[in-house]
Amino acid sequence: MNKKRLMGVLIILLALMLNGCVKQPYEPSGLITMPEELVSQVENIPVETQELDAIIQIEEEIISLENETIVLGDNTLIETEEEEEEEETEELTQIKVEDIAQSLPAGVFKKITVKEKEIVTLNVNAQDPDGNQLMYLFSTPLSEEGEWQTKRGDVGEYIVNITVSDGELETMAKVLVVVESINKEPIMEKIENIAVKEGDKIVLEPKATDGNDDTIVFSFSGLMDSEEYEVSYNDVVCEEEVFNCLKIFTTTITASDGFSEVVQNVGITVTNTNRAPSLSALEDITIDEEELVEIEASATDSDGDEITFSFTAPLDDQGKLQSKRGDVGEYIIYVTASDGDLSTSEKLTLTINSINEAPILTVMGDLVIDETDTITLSPTATDANNDTVAFTFSGWMNSNTFETGYDDSGEHTVTITAMDQYGGIDTMDLTITVNNVNRPPVIVDVS
Ligand SMILES: [Ca+2]
Ligand SMILES: [Ca+2]
Ligand SMILES: [Ca+2]
Ligand SMILES: [Ca+2]
């Protein structure tokens, strides 16, 4: 037997083993029995010390052979162009190839599809030409027995190795196990878009149902990262001197049942909230007349708005007052800080004390005059402020001059009052003694 014929026989043998040996409950079995003629030929194969590599190489040739049949379609009797001239090729044409799905990964000859929670059972039917006891080895996730109880979440594609060993030599086949999901996605109730303003608290309460009764976990992204959110005053920043601008945000809610996720977007329109400036407390102020008062108001605006101040009288627009004589008194002053939209006011009391000093009258001596004399008083006074001082007279005199007569003898008191223009006064009593003046007798008549 030449080498080509030997290879042909081996191909047939392994094709029979691999195609027929894997059985599972979800697809029709494709067991193939070895034709009797072939069995006798198999017996003639010299069981020499074949290397494992050689067997794997043969297996690959089988797979390539099977893949060629795909072109012709599944479940069909096929003819292969190979080995036409040899008599064994007639046997090859009899091989029925079933369940070869298209586009299988390289090296995989069988695909088994189950749904999550179903059991995968691989029943391998292999024959040993020497009648040796065969051992079957399955790679994970299959058990030693070639079974796998799938569960939720096992969805995916698994390539499983099946190794058949006679204790000395082994043959391996790959099977693709496809586990299909039985999950039903959560169905979320639609949440309408909302409109809020800065400083508001948003609470989103998504609801969802799940066809598998899975526990649903919600997560949030975008504007919010949890179901509650207090809208920050910095979320909307208006242009200068604009206070009612708005901005539209999105929160994405994801509902997960542990196996799949669904999302919905909630539009959130946030309107800016302006905050009034905050003005530092102001202390009462006391000054003396002629002093300068200047209020250093300070305010902050949480929105970063520009602040302007205003002041009530007698302060000017800048919060200043150059006080002068006569401003004495107590003033309630309001200081207002405005951001152009909202304002805050504080009040303080400005006390202006008088600096006036009362005039001081120059001491004058008492006067002694005679009847018929004319008195003229010229009082003087000093005033620390150099104010103009006015004098008034009361008591025996009501002006600064008086012409006495013969009936004015006696002691008289005159009160002199000195007053400056700011109400400062000083008084002094002056005693004026008027001496009697004797007059000679007058002869009125002689008879
Ligand atoms: Ca579900
Ligand atoms: Ca803002
Ligand atoms: Ca503001
Ligand atoms: Ca004065």
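Residues numbered from 1 in each chain as written. Chains lettered and ligands numbered in written order. Predicted model: local features only at pLDDT ≥ 70, side-chain atom pairs only at ≥ 80, totals over all residues.

### Observations concerning the overall build of the chain
Helix and strand counts for the chain come out as four helices and 34 strands. Here the chain, with 447 residues, has 19% of them falling under the buried criterion. Long-range pairs, those at least 24 residues apart, make up 68% of the contacts in the chain with a sequence separation of at least 6. (Helix = DSSP H or I, 4+ residues; strand = E, 2+ residues; numbered from the N terminus. Buried ≥ 20, exposed ≤ 12 C-beta atoms within 10 Å, placed from the backbone. Contact = placed C-beta atoms within 7 Å.)

### Thoughts on the sheet that holds strand β15 (residues 217-222)
Overall, mixed pairing links the four strands, which are arranged β12-β18-β17-β15 in an open sheet. Single-partner strands in this sheet number two, and they are β12 (194-197) and β15. The mean inter-strand angle of the sheet, taken between neighbouring strand axes irrespective of direction, is 30°. Bridge analysis of strand β17 (residues 246-256) against strand β18 (residues 261-271) gives eleven bridges, and the strand direction is antiparallel. From the neighbouring strand, Ile248 faces β18, where its bridge partner is Thr269. (Pairing = 2+ DSSP bridges. Axes fitted to C-alpha atoms, helices over the stretch in contact; angles between N-to-C directions.)

### Quick look at the pairing of strand β33 (residues 410-420)
Summarising the sheet, strand β31 (residues 389-395) and β33 pair through seven bridges and their orientation is antiparallel. Each bridged residue has a counterpart across the sheet, and for Gly395 the counterpart in β33 is Val414. In this structure, β33 lies alongside strand β34 (residues 425-435), joined through ten bridges in antiparallel fashion. Directly across from Thr417, in β34, lies its bridge partner Thr427. Counted between consecutive antiparallel strands, the loop separating β33 from β34 contains four residues, among which Gly423 sits at a positive phi close to 90°.

### Focus: the sheet that holds strand β7 (residues 135-138)
Pairing is mixed across the open sheet formed by four strands, whose spatial order is β4-β10-β9-β7. The sheet is open, and its two edges are formed by β4 (108-115) and β7, each paired on a single side. The mean inter-strand angle of the sheet, taken between neighbouring strand axes irrespective of direction, is 25°. As defined by bridge partners, β4 adjoins strand β10 (residues 170-180) across seven bridges and the pair is classed as parallel. Note on β10: the bridge partner recorded for Thr113 is Val178.

### Topic: unusual backbone geometry
With an omega of 5°, the peptide bond between Thr140 and Pro141 qualifies as cis. Mapped onto the elements, Pro141 comes out in the loop between β7 and β8 (147-149). Going from Ala313 to Pro314, the amide bond is cis rather than trans, its omega being 10°. For Asp213, which is not a glycine, the phi torsion comes out positive at approximately 60°. Following the sequence through the fold, Asp213 ends up in the loop between β14 (208-209) and β15. With 9 C-beta atoms packed within 10 Å, Asp213 lands in the exposed category.

### Observations regarding the environment of Gly153
Its location among the elements puts Gly153 in the loop between β8 and β9 (156-165). Between the C-alpha atom of Gly153 and that of Val179, which follows or precedes it by 26 residues, the distance is 9.3 Å.

### Some details on the nonpolar core
Counting residues in hydrophobic clusters, the biggest one holds 15 residues, and the most contacted among them are Val120, Ile162, Val175 and Val177. Those elements giving two or more residues to this core turn out to be β4, β9 and β10. It is β10 that provides the largest number of residues to this core, a total of four residues. If you look at the next biggest cluster of nonpolar residues, it comprises ten residues, including Leu223, Val236, Val266 and Ile268. (Core = buried A, V, L, I, M, F, W, Y, C linked by C-beta atoms within 7 Å.)

### Points about the environment of Gln318
Among the structural elements, Gln318 can be located in the loop between β23 (308-311) and β24 (320-322). Taking the number of C-beta atoms within 10 Å as the measure of exposure, Gln318 has 10 and is therefore exposed. Spatially, the C-alpha atom of Gln318 lies 8.2 Å from that of Ile295, the residues being 23 residues apart in sequence.

### With respect to the environment of Met419
In this fold, Met419 is placed in strand β33. Exposure remark for Met419: the 19 C-beta atoms within 10 Å place this residue in the partly exposed category. C-alpha of Met419 to C-alpha of Ala358: the two residues are 61 residues apart in sequence and 7.4 Å apart in space.

### Structural notes on the confidence of the model for the chain
Mean pLDDT over the chain works out to 83, with 77% of the residues at or above the 70 mark. Across residues 18-35, where pLDDT falls below 50, the model places 42 contacts with residues more than four positions away in sequence or in other chains. Counting interchain partners and residues more than four positions distant, the pLDDT-below-50 stretch residues 37-101 has 76 contacts. (pLDDT = per-residue confidence, 0-100.)

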